[in-house]
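Below are the chains, spelled out letter by letter.
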Amino acid sequence: MNCEKCGNLVIRTLSDNCVSRIKLYKKVAYYCDFCDEIFIIAKYKDVLDKHKYDGELTWLREQNPRLKADKPQEKITFIENAGGCICTKSILLGKTPVKWCFRNKSVADADSGWRFIGKDDTEAYITVNSNNVVVDFNTVAGIEPAVLAIYNMPVGTDLYIDKDLENKIRFFKTGTNEEIKIKYD
Ligand SMILES: [Zn+2]
C-alpha cells in the first residue's frame, strides 16, 4: 500500500482486533517513513481515535532509517565552528545521496557558503524554497563524510561526487569533469 498523503510505499502497518466483531486482527493504520506520521486507514477513521496509536510512534520512529541521519543527538562535530550550509531535505531524509557540492559567497557570518544537492533532486524540487534547509556543515558530513575533504576549498568551487567501481568517492569539477585529487589524511 501507499501513503495517502505522500504516495510513497508504506513499510509498517498496524493491526488491531478492536474493529472486528469477532476479534479478528485487521490492518487499521500505518506508519509512513516519509511523513513520519501514523495514519488511520480511511474506513476506520470514524471508529478509531486518531491518537489511539500515538504510543507506538516512538518505537516506529526509532525504526525509521530515514530519520537516523537527522537525529540531533547523533551529530558528531567533525569541524569546530564549521558554520552552516544549505542542503536539500531529501539528503537529510536519506532519500538521495549527496551529489552536487558548491561553495557560494557566505550570506551570513555563520554561513560556510556550502550548498549540497542530492543525486535524485530534480530542478523542480530544488527551486521550492522549503526543500532547502539550513543545517550545520557537520550534519551533512555525518551523512557523507567525504565532504570534509572539500570544506576548505574556496568560494566558487563547484564539484560533483561520483563513486568508482569500488564504491570509493571521487570528486569532479562540474562542467569540465576534471577529477579533483583529494588528500585524505
Ligand atoms: Zn507519507
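All figures in this text were calculated on a predicted structure; none of them were measured in a lab. (Residues numbered from 1 in each chain as written. Predicted model: local features only at pLDDT ≥ 70, side-chain atom pairs only at ≥ 80, totals over all residues.)

## Remarks on the nonpolar core
1) Next: Grouped together as the largest cluster of nonpolar side chains are 17 residues, with contacts concentrated most on Cys85, Cys87, Ile91, Val98, Cys101, Phe116 and Val140.
2) Next: Those elements giving two or more residues to this core turn out to be β4 (84-88), α3 (89-92), β5 (98-103), β6 (111-118) and α5 (137-143).
3) Next: Looking at this core element by element, the count peaks at four residues for α5.
4) Next: Apart from the residues lying within four places of it in its own chain, the contact partners of Phe116 are Cys85, Cys87, Thr88, Ile91, Val98, Cys101 and Val140.
5) Next: Ranked by size, the runner-up nonpolar core spans seven residues in total, among them Val28, Cys32, Ile38 and Leu60. (Core = buried A, V, L, I, M, F, W, Y, C linked by C-beta atoms within 7 Å. Buried ≥ 20, exposed ≤ 12 C-beta atoms within 10 Å, placed from the backbone. Helix = DSSP H or I, 4+ residues; strand = E, 2+ residues; numbered from the N terminus. Contact = placed C-beta atoms within 7 Å.)

## Some words on the sheet that holds strand β2 (residues 26-32)
1) Next: The three strands are arranged β1-β2-β3 in an open sheet whose pairing can be described as antiparallel. Lying at the two open borders of the sheet, with one neighbouring strand each, are β1 (12-16) and β3 (37-40). Between one strand axis and the next, the sheet turns by 30° as a mean value, whatever way the strands run.
2) Next: Sheet analysis places β2 next to β3, joined by four bridges and oriented antiparallel. For Tyr31, the partnering residue across the bridge sits in β3 and is Ile38. (Pairing = 2+ DSSP bridges. Axes fitted to C-alpha atoms, helices over the stretch in contact; angles between N-to-C directions.)

## Details of the domain arrangement of the protein chain
1) Next: For the protein chain, the assigned domains are domain 1 (12-68) and domain 2 (78-180).
2) Next: Taking only C-alpha atoms, the centre of domain 1 and the centre of domain 2 are 36 Å apart. (Domains from an automatic or database assignment.)

## As for the sheet that holds β6
1) Next: The strand order across the open sheet built from seven strands is β7-β4-β6-β5-β8-β9-β10, with neighbouring strands paired in mixed fashion. Where the open sheet ends on each side, the last strands, each with one partner, are β7 (132-136) and β10 (179-180).
2) Next: Bridging between β4 and β7 involves five bridges; their strand directions are antiparallel. From the neighbouring strand, Ile86 faces β7, where its bridge partner is Val134.

## Comments concerning unusual backbone geometry
1) Next: The backbone of Asn81 shows a phi angle near 50°, a positive value even though the residue is not glycine.
2) Next: Turning to its location among the elements, Asn81 is positioned in the loop between α2 (65-68) and β4.
3) Next: Despite not being glycine, Asn177 shows a phi value in the positive range, around 60°.
4) Next: For Asn177, the location among the structural elements is in the loop between β9 (169-173) and β10.
5) Next: On the basis of neighbour counts, which here come to 9 C-beta atoms within 10 Å, the residue Asn177 falls in the exposed class.

## What about the environment of Thr176?
1) Next: Relative to the elements of secondary structure, Thr176 occurs in the loop between β9 and β10.
2) Next: The spacing of Thr176 and Asn104 is 72 residues in sequence and 19 Å in space, taken between C-alpha atoms.

## As for the environment of Val47
1) Next: Mapped onto the fold, Val47 is located in the loop between β3 and α1 (54-62).
2) Next: Overall, Val47 belongs to the exposed group, with 11 C-beta atoms counted inside 10 Å.
3) Next: For Val47 and Lys119, which are 72 residues apart along the polypeptide, the C-alpha to C-alpha distance reads 43 Å.

## Details of the pairing of β2
1) Next: When you tally the buried positions in β2, you get five out of seven residues, the bulk of the element.
2) Next: Two elements, β1 and β2, share five bridges in a ladder whose sense is antiparallel. Note on β2: the bridge partner recorded for Thr13 is Tyr30.
3) Next: Connecting β2 to the antiparallel partner β3 that follows it, the hairpin turn spans four residues, and Asp36 within it adopts a positive phi of roughly 55°.

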